[in-house]
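Chain by chain, the residues:
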Amino acid sequence: MKVNSIFGVLLLIIIPVLTDKRNIIKNSKMESWISTENFTTMIKKSFLYSKCCNIFLSESIYDVDTLLHQFINIYPREYVLHKRLYDCQGYFLLGPTDGEIENAMRFVPSSISTTEILIIINSELKNTSKLFNVSLFGNSNANIVSRSGIWTLSENYLKPRFFFKVHSYEELMSEFNIVDMKGRELQVCTFYQPPFSYLNKTIKKVIDGVEEEVFLADSDNEKDGIEMKIFLVMAEKLNFTWTIRKLKGKYRYGRRINSTEWNGGVIQLVLEKKIDLAFGNVRLTPNHYEFVNMSTPWVQMLTQFLVPRPQPITNFWGLMRPFSMGCWILVLIMLIVKSMYMYVRARVDPQFPKRFRSIFCTITELIGRLVGTWMPRNTVNARLELHLWQTAGFLLVTAYCSSLAARLTNSEYEDRIDTIRQFLEADLLWGHKGPVPYWPDYLDLDDIYASQLSSRYIPVRSQEAYVHTLIKQRKFAIYGFVIDSIFFPEDDIFNEYIKNYRLMKESTGNYYSSFVVQSWLLEPIDMVMLWLRESGIALFHLNNVMHRRISFNLREVIKEHDGSDGIYRRLGLTPLGVGFLVLIVGLLASTTVFFYELKQASNSRSICEVFRDIHKQRQIYKSSTYKRKYRKEIEPIDHNLSNKNFDSFVIKSAGHTTNTESARKCNNKIFHNNLSNMSI
């Protein structure tokens, strides 16, 4: 770039004067009226931050070619000639008269506060020159050098600005080591938003002929808040006074209309130059930054939801909870496969216990062995299978019982909502008092779940009663931001409900909080902001305000209340519901089978008659005569046989009971057969 520019300059100088060789030799031998040392100091003071320079020359360059060559030899960075690159914030204007320089100023973006201008006029400059009209220079920084003197433009944060004459190049305006606004009054805008600003009381005041509502700020309680404290430090360090006006309209920050227009909020006030500075948790986003100057951010925050806390529940299926559904399905499959194996084995192998030839008996015994309540003695040819099955049952029952005891004696809670996916599955709604948000600033629209949150949004304003109903129904989430592990709702109307909410683990986004400033105020505000961050003063005010102002409920939202609290509770009926259900179903089934057998045994007689016969047979069985008679004919009987087996015998014999001796012998034969079957 530099080589091409030199070549262009040489062409501009050499080609037009080929017909006058003497003038070329004469001009090239002229000495500059600015020494190299002073020229170097002038460039260093004028282009402090610029990384490259735009050069604009007058149409007649015969009188300034020496100064141009001197600038080219001294300037250490890249430059372009008669072209405007916005990345190059430095501008060097060279001409023989002030009129030509005034025309060149039309190409300089003087409204940008980072623009740096150096003007050299190769003649004397009168005090009445139009170049001393500060409106030409906007918010830029400028130095003017002529044969009659040196002038520098006052800082762009002072009002009004003016040119003052200096006596040496060392006195030219340079970096802002110490910024002194000399008590200038700044117009500021904010709004009530804890914990950033607690301004609330207002009065009427006429500003620029318009009556405005401004904050009174007459007490320490009013002049409180994290960003308010930072703002007061800025006012002290930069030596300015302030008037803070209350924001009007429904927008806090405003809404983008198109690529060039903005509607409402503090950003519109800055664009219209009605205010110089605004704060109140203004997000540093590309959407905002395209329209206004944003200061260096002072903190990064996360946006998250408060969701309803899990409530204690009493589950009817509490006995099923120790194992997952997959585990129960696996146990059921094992039972079916094992039952089929034992059933088929008994049918194929004649040495296998014959009781397994019934699928129902097989399932019943395997369930009994699995839970450890069935211990038949006859396990011939099935010991390995049954012992392995019983060992697996022992492990399952041990794990089940230990988990069940802990679950039944402690409260059980609903599942937590910790991700955006769970938020959507819970069918929660959310919203805030302001207008519908600009979604790219609030949500990650590239995320498959976060992009769906916009469909769950409802406006809170004018629907407070409906929102309160949703909160009571546990169907509403509270939107807010997290600073230093403390959650703050975006609207203070939700503070009374926070105690029943907890912080969702997954955040919906993050952003930086900045101040909105006019371009001329950006550099000093950034300088103080960096100093506040590096020195830890910003962090001190953050912790101080939060320590004094934050309620207990805001700190409690990060604590979980659905864990084990060490308090054992009385075991209720509902968690055991499934156990009682199984018991009732079993009793009903056994009762149905019992009455079915009675019906089959009674033929056409009534059930009452059958019960009387059963009672009579029981008395006969218990009589010593009956026992002695059958003790000689059959093998010794185990007197500890269950009443159920005996009742089975009595039921079968009750249908054929008579007073004849032949009938009694028939009953004895049936009884003998039953006992033989039981011994098998």
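Described below are features of the structure shown in this document. (Residues numbered from 1 in each chain as written. Predicted model: local features only at pLDDT ≥ 70, side-chain atom pairs only at ≥ 80, totals over all residues. Heavy atoms only, no water.)

### Quick word on the pairing of strand 16 (residues 299-308)
Phase 1 of the analysis: Of all 10 residues making up strand 16, eight are buried, and the element is well covered by its neighbours.
Phase 2 of the analysis: Bridge count between strand 16 and strand 23 (residues 509-517): five bridges; the pairing is antiparallel. Paired with L302 across the two strands is N510, which belongs to strand 23.
Phase 3 of the analysis: Pairing analysis gives five bridges linking strand 16 to strand 20 (residues 476-483), with the strands arranged antiparallel. The partner of L306 across the bridge, within strand 20, is I478. (Buried < 20%, exposed > 50% of the residue type's maximum accessible area, 1.4 Å probe, protein only. Helix = DSSP H or I, 4+ residues; strand = E, 2+ residues; numbered from the N terminus. Pairing = 2+ DSSP bridges.)

### A closer look at the pairing of strand 14 (residues 277-283)
Remember that side chains alternate between the two faces of the sheet whenever the strand is regular.
Phase 1 of the analysis: Extensive coverage of strand 14 is indicated by the burial of seven of its seven residues.
Phase 2 of the analysis: The sheet contact formed by strand 8 (residues 184-190) and strand 14 spans two bridges and is parallel. When the sheet's bridge partners are listed, V188 is paired in strand 14 with L277.
Phase 3 of the analysis: Bridge analysis of strand 14 against strand 23 gives four bridges, and the strand direction is antiparallel.

### Some thoughts on the pattern of salt bridges
Phase 1 of the analysis: As enumerated under the stated definition, the model contains 19 salt bridges in all.
Phase 2 of the analysis: In this structure, the salt-bridge partner of R548 is D224, at a minimum N-O distance of 2.9 Å. Linking R548 in helix 16 (residues 537-549) with D224 in the loop between strand 10 (210-215) and helix 6 (226-238), this pair joins segments that are 324 residues apart in sequence.
Phase 3 of the analysis: Given the relative accessible area of 41%, R548 is considered partly exposed.
Phase 4 of the analysis: A relative accessible area of 3% means that D224 is categorised as buried.
Phase 5 of the analysis: Residue R421 is joined to E425 by a salt bridge in which the shortest nitrogen-to-oxygen separation is 3.3 Å. (Salt bridge = Lys/Arg side-chain N within 4 Å of Asp/Glu carboxyl O.)

### A look at helix 6
Phase 1 of the analysis: With 13 residues, helix 6 extends 19 Å from end C-alpha to end C-alpha; this agrees with the ideal 18 Å at 1.5 Å per step.
Phase 2 of the analysis: Among all positions of helix 6, only I226, E227, M228, I230, F231, V233, M234, A235 and L238 are buried.
Phase 3 of the analysis: Elements in contact with the buried residues of helix 6: strand 8, strand 11 (240-246), strand 14, strand 23, helix 15 (522-535) and helix 16.
Phase 4 of the analysis: A positive phi of about 60 degrees marks N239, the residue just after helix 6. (Expected span 1.5 Å × (residues − 1). Contact = heavy atoms within 4.5 Å.)

### Topic: the state of the cysteines
Phase 1 of the analysis: Applying the stated rule across the entire model yields one disulfide.
Phase 2 of the analysis: The disulfide that involves C52 links it to C88, with 1.8 Å between the sulfurs. Here the disulfide of C52 and C88 is left-handed, its torsion about the S-S bond being about -115 degrees. Here C88 lies in the loop between strand 2 (78-81) and strand 3 (90-95) and C52 lies in strand 1 (residues 52-57), a separation of 36 residues in the sequence. Neither residue differs from the other here; C52 and C88 are each classed as buried. (Disulfide = S-S within 2.5 Å.)

### Digging into the sheet that holds strand 7 (residues 163-166)
Phase 1 of the analysis: Taken together, the seven strands give an open sheet; going across it, the order is 2-1-3-4-5-6-7, and neighbouring strands pair in mixed fashion. In the strand order of this sheet, the two ends are held by strand 2 and strand 7, each with one partner. In this sheet, adjacent strand axes meet at a mean angle of 20 degrees when their direction is disregarded.
Phase 2 of the analysis: Note that strand 4 (residues 116-121) and strand 5 (residues 141-146) share six bridges and pair parallel. Opposite I121, over in strand 5, you have S146 as the bridge partner.
Phase 3 of the analysis: The sheet strands contacting helix 3 (residues 36-46) are strand 4 and strand 5, and the helix crosses strand 4 at an angle near 150 degrees.
Phase 4 of the analysis: Against the sheet, helix 4 (residues 65-74) touches strand 1, strand 2, strand 3 and strand 4, its axis set at about 175 degrees to strand 1. (Axes fitted to C-alpha atoms, helices over the stretch in contact; angles between N-to-C directions.)

### Observations concerning the packing of helix 3 against helix 4
Phase 1 of the analysis: Their axes nearest at 10 Å, the elements helix 3 and helix 4 cross at an angle of 65 degrees. Viewed along their axes, helix 3 and helix 4 adopt a mutual orientation that is roughly perpendicular. Regarding helix 3 and helix 4, the two cross each other, and that crossing is right-handed. Contacts from T36, F39, T40 and I43 of helix 3 reach helix 4 at L67, Q70, F71 and I74. (Parallel < 35°, antiparallel > 145°, perpendicular 65-115°, else oblique. Left-handed = near helix turned anticlockwise from the far one by under 90°.)

### Let's talk about the layout of surface pockets
Phase 1 of the analysis: The space that makes up the second largest pocket amounts to roughly 990 Å³.
Phase 2 of the analysis: Around the second largest pocket sit 44 residues that line it, and F191, Y192, R252, E490 and D491 are the ones nearest its centre. (1 Å grid on protein atoms, 1.4 Å probe; cavity = no way out; pocket = protein on both sides within 12 Å on 5 of 7 lines; lining within 4 Å. Points joined across faces, edges and corners; volume = space filled by probe spheres on them.)

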